[in-house]
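# Survey of secondary and tertiary structure
Here is how the chains run, residue by residue.
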Amino acid sequence: MKERPYTIISVAMGISIIVFGISLKMLEQPYMFVSALDWEYIWNGMWCMIVLMTTVGYGDFYPRTHFGRIICFIGCIWGQFLVSLMVVALTYSVQFQRTEPIAYSTLKRIEQEDLNRLYAVKSIQSAWRLYNHLRKAPQTMTELSLIHI
């Protein structure tokens, strides 16, 4: 389960849909004239189980017999279990492993050092430009004052 959780859960979900779908079709087919639902095809049983196991619940196919309802109840609980396993596997796969936080913090530190260097360069450039501007400013001010006189 640790190596290939998505494959195992998907295969379990597929097998469960087939098994519960076939059993639901077999239990509901003798009473399909009473329920007015078409349980002739195996795909309708599987569709009902897909909808139940994923908790979508369209309501287009539903069991009318007690045994069919029991199968759907068990399938719904089993589907919830498989969906929750999928969520746990997804959560586990996006979490850091043991050495990944160290690598992440090292990368963030290097990135911050690069930003600090960039800010230092920009600060020095701005200070140099200001120094040059102020060094030239008194000459231009005296020239301007002589022109106006």
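So, here's what we can say about the structure. (Residues numbered from 1 in each chain as written. Predicted model: local features only at pLDDT ≥ 70, side-chain atom pairs only at ≥ 80, totals over all residues. Heavy atoms only, no water.)

## Section: the overall build of the chain
Assigned secondary structure in the chain consists of five helices and zero strands. Put simply, the chain runs from its N terminus to its C terminus through helices and strands in the order α-α-α-α-α. Computed over the C-alpha atoms, the radius of gyration of the chain is 36 Å, more than 25% above the 15 Å expected from 2.2 N^0.38 for a compact globule of 149 residues. Each principal axis of the C-alpha distribution contributes one length, and for the chain these read about 115 × 45 × 20 Å. In the chain, which comprises 149 residues, the share counted as buried stands at 22%. (Helix = DSSP H or I, 4+ residues; strand = E, 2+ residues; numbered from the N terminus. Rg over C-alpha atoms; globule rule 2.2 N^0.38 Å. Buried < 20%, exposed > 50% of the residue type's maximum accessible area, 1.4 Å probe, protein only.)

## As for helix α3 (residues 42-53)
Taking 1.5 Å as the rise per residue, α3 with twelve residues should run 16 Å; its terminal C-alpha atoms sit 16 Å apart, in good agreement. Those residues of α3 lying buried are N44, G45, M46, C48, M49, V51 and M53. T55 lies just past α3 and shows a positive phi near 60°. (Expected span 1.5 Å × (residues − 1).)

## Observations regarding the pattern of salt bridges
Counted according to the given criterion, the structure contains three salt bridges. Its salt-bridge partner being K108, residue E111 comes within 3.4 Å of it at the nearest N-O pair. You can see E111 and its partner K108 sitting in helix α5 (residues 100-148), three residues apart, about one turn around the helix. (Salt bridge = Lys/Arg side-chain N within 4 Å of Asp/Glu carboxyl O.)

## Things to note about the packing of aromatic side chains
Counted according to the given criterion, the structure contains four aromatic pairs. With a centroid separation of 5.6 Å and 40° between ring planes, the pair formed by F96 and Y104 is classed as tilted. (Phe/Tyr/Trp six-rings, centres within 6.5 Å; stacked < 30°, edge-to-face > 60°.)

## Some words on the nonpolar core
In terms of nonpolar packing, the biggest core is built from 15 residues, with L24, W39, C48, M49 and M53 touching the most fellow members. Elements that contribute at least two residues to this core include exactly α1 (5-28), α3 and α4 (66-94). In contact with M53, not counting residues within four places along its chain, are M13, S16, I17, G75, W78, G79, Q80, L82 and V83. (Core = buried A, V, L, I, M, F, W, Y, C linked by side-chain atoms within 4.5 Å. Contact = heavy atoms within 4.5 Å.)

## Let's talk about unusual backbone geometry
Of note in the backbone geometry, T55 takes a positive phi value of approximately 60° without being a glycine. Mapped onto the elements of the fold, T55 is located in the loop between α3 and α4.

## Looking at the packing of α1 against α3
At a closest axis distance of 7 Å, the pairing of α1 and α3 adopts a crossing angle of 125°. Regarding the angle of α1 to α3, the classification is oblique. Where α1 crosses over α3, the handedness of that crossing is right-handed. Between α1 and α3, the residues in contact are M13, S16, I17, I18, F20, G21, I22, L24 and K25 and I42, G45, M46, C48, M49, I50 and M53, respectively. When its residues are assigned to classes, the contact of α1 with α3 shows twelve nonpolar, three polar and one charged. (Axes fitted to C-alpha atoms, helices over the stretch in contact; angles between N-to-C directions. Parallel < 35°, antiparallel > 145°, perpendicular 65-115°, else oblique. Left-handed = near helix turned anticlockwise from the far one by under 90°. Nonpolar A, V, L, I, M, F, W, Y, C, P; charged D, E, K, R; others polar.)

## A short note on a nonpolar patch on the surface
Taken together, the side chains of F67, I70, F73, I74 and I77 make up a nonpolar region of the molecular surface, amounting to roughly 540 Å² of accessible area. Its relative accessible area of 56% is what places F73 among the exposed residues. (Patch = residues over 30% accessible without salt bridge, like charges linked within 9 Å, V, L, I, M, F, W, Y side chains within 5 Å. Areas by Shrake-Rupley, 256 points an atom, 1.4 Å probe, with all protein chains shown as cover.)

## Describing the side chain of N44
Examined against the element boundaries, N44 turns out to sit in helix α3. Of the residues examined, N44 reaches a relative accessible area of 14% and is grouped as buried.

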